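Inside the fold
Residue-level listing of the chains:
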Amino acid sequence: MRKNIVAGNWKMNNTLQEGLNLAKDLEAALKGKKVNCEVIIGTPFIHLASIASSIDTKLIGISAQNCADKASGAYTGEVSAAMVASTGAKYVILGHSERRTYYGETNTILKEKVALALANGLTPIFCIGEVLEERNSGKHFDVVETQIREGLFNLPAEDFRKIVLAYEPVWAIGTGVTATSGQAQEMHAFIRKTLAANYGESVADDTSILYGGSANAGNAKELFSNPDVDGGLIGGASLSVDKFMPIVEAF
Ligand code: 13P
């Protein structure tokens with residue numbers, strides 16, 4: 001059975017002290033509450049170890065926002081999947097559109113990152129999504145299908161079962177323009193059909209597909225009520241407990 005997940009992506013926000021405080025405040029807000037989804041926070045690399053050792057990681061899963069496409073060695077400034085795993089983090093966001101756009105991450109590079117993440121026991125949260133021109137010219141399904149096929153379909157089914165997908169239409173990220181509930185469901189159903197065609201119905205049914213892009217307390221309930229929307233990857237609204245908790249509680 002697939003899981004409902006609400007994951008925060010802090011992006012490049014919060015000093016170490018601010019991040020620790022935010023994680024502890026979120027832990028306090030979750031403690032003793034029965035929530036119907038898994039809660040994850042995606043923090044900058046430097047926060048991972050401190051946060052993982054300061055909070056109950058069964059209550060809040062910890063995710064990196066990236067990892068290197070090489071295992072180890074002379075790659076100055078890079079952080080490997082093994083290093084991420086050694087902090088206590090269990091997840092890694094891969095292929096975010098900001099990484100694809102600003103840091104030139106291609107599906108070929110992402111394929112390496114996914115393999116290394118899996119080899120080190122991390123669950124990739126693999127992001128896909130089209131830009132506005134692609135949607136306006138009716139190419140959005142093709143774009144998303146290509147990202148999934150080139151980034152992930154080399155995996156055998158037993159490995160693909162470990163992947164979480166996040167559909168993040170680029171035009172909705174940080175813009176305040178959310179995909180409508182209908183647009184989200186339509187794309188999520190298409191993604192699940194694409195997975196079923198390659199791996200079969202059971203793998204497709206078991207894969208969690210999150211929506212990301214200006215999701216907030218006001219629209220989360222409607223988005224999550226769709227049969228193929230299994231949660232959210234939340235940017236801006238994950239930076240405060242007051243904004244993030246209502247999204248967690250939308251399930
Ligand atoms: P916003 O929620 O700020 O639109 O960001 C979404 C996102 O990019 C999450 O990865």
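Here we summarise the structure given alongside this text. (Residues numbered from 1 in each chain as written. Predicted model: local features only at pLDDT ≥ 70, side-chain atom pairs only at ≥ 80, totals over all residues. Heavy atoms only, no water.)

The parallel closed barrel is built from 8 strands, whose spatial order is β1-β2-β3-β4-β5-β6-β7-β8. Across the sheet, the mean angle from the axis of one strand to that of its neighbour is 25°, orientation sign disregarded. Two elements, strand β3 (residues 61-64) and strand β4 (residues 91-94), share 2 bridges in a ladder whose sense is parallel. Counted as the bridge partner of A64 is V92 from β4. Each of β1 (5-9), β2 (38-42) and β8 (231-234) is contacted by helix α12 (residues 241-248), which is oriented at about 155° to β1, the strand it contacts most. (Pairing = 2+ DSSP bridges. Helix = DSSP H or I, 4+ residues; strand = E, 2+ residues; numbered from the N terminus. Axes fitted to C-alpha atoms, helices over the stretch in contact; angles between N-to-C directions. Contact = heavy atoms within 4.5 Å.)

Moving on, we come to the nonpolar core. Ranked by internal contacts, the top residues of the largest apolar core, which has 68 residues, are F160, L165 and I191. Here the element with the most residues in this core is helix α9 (residues 181-199); it accounts for 7 residues. Each residue touching I191, except ones within four places of it in the same chain, is listed here: I128, V144, I148, L165, Y167 and I209. I5, I40, C127 and L210 belong to the second largest nonpolar core, which has 11 residues in total. (Core = buried A, V, L, I, M, F, W, Y, C linked by side-chain atoms within 4.5 Å. Buried < 20%, exposed > 50% of the residue type's maximum accessible area, 1.4 Å probe, protein only.)

Attention now moves to the site of the ligand. With respect to spatial proximity, the complete set of residues near the ligand consists of N9, K11, H96, E168, A172, I173, G174, G213, S214, L233, G235 and G236. Contact between the ligand and E168: an oxygen atom at 2.9 Å from a side-chain N or O atom of the residue. Contacts to the ligand include G235, whose backbone N or O atom sits 2.9 Å from an oxygen atom. Protein chains bury 94% of the 310 Å² of accessible surface belonging to the ligand in isolation. The residue makeup of the shell around the ligand, split by class, is 3 nonpolar, 7 polar and 2 charged. (Near = heavy atom within 4 Å. Polar contact = N/O pair within 3.5 Å; in protein donor to acceptor, adjacent residues only side chain to side chain. Areas by Shrake-Rupley, 256 points an atom, 1.4 Å probe, with all protein chains shown as cover. Nonpolar A, V, L, I, M, F, W, Y, C, P; charged D, E, K, R; others polar.)

The subject of this paragraph is the packing of aromatic side chains. Taken as a whole, this structure holds 7 aromatic pairs when the rule is applied. Aromatic pair F153 and F160: ring centres 6.3 Å apart, planes at 65°, arrangement edge-to-face. The class for F160 is buried, based on a relative accessible area of 0%. A ring pair is formed by F160 and Y199, whose centres lie 4.5 Å apart and whose planes are at 25°; its orientation type is stacked. Of this pair, F160 sits in helix α8 (residues 157-160) while Y199 sits in helix α9, and the two are 39 residues apart along the sequence. Taken individually, F160 and Y199 each receive the classification buried, so the pair is uniform in this respect. Chaining the aromatic ring pairs together yields one cluster made of F153, F160 and Y199. (Phe/Tyr/Trp six-rings, centres within 6.5 Å; stacked < 30°, edge-to-face > 60°.)

The topology assignment puts D230 in the loop between α11 (220-224) and β8. Of the polar contacts made by the side chain of D230, one reaches the backbone nitrogen of I209; its length is 2.8 Å. When sequence neighbours within four positions are dropped, the list of residues in contact with D230 reads R2, K3, N4, I5, R192, T207, S208, I209, L210 and F251.

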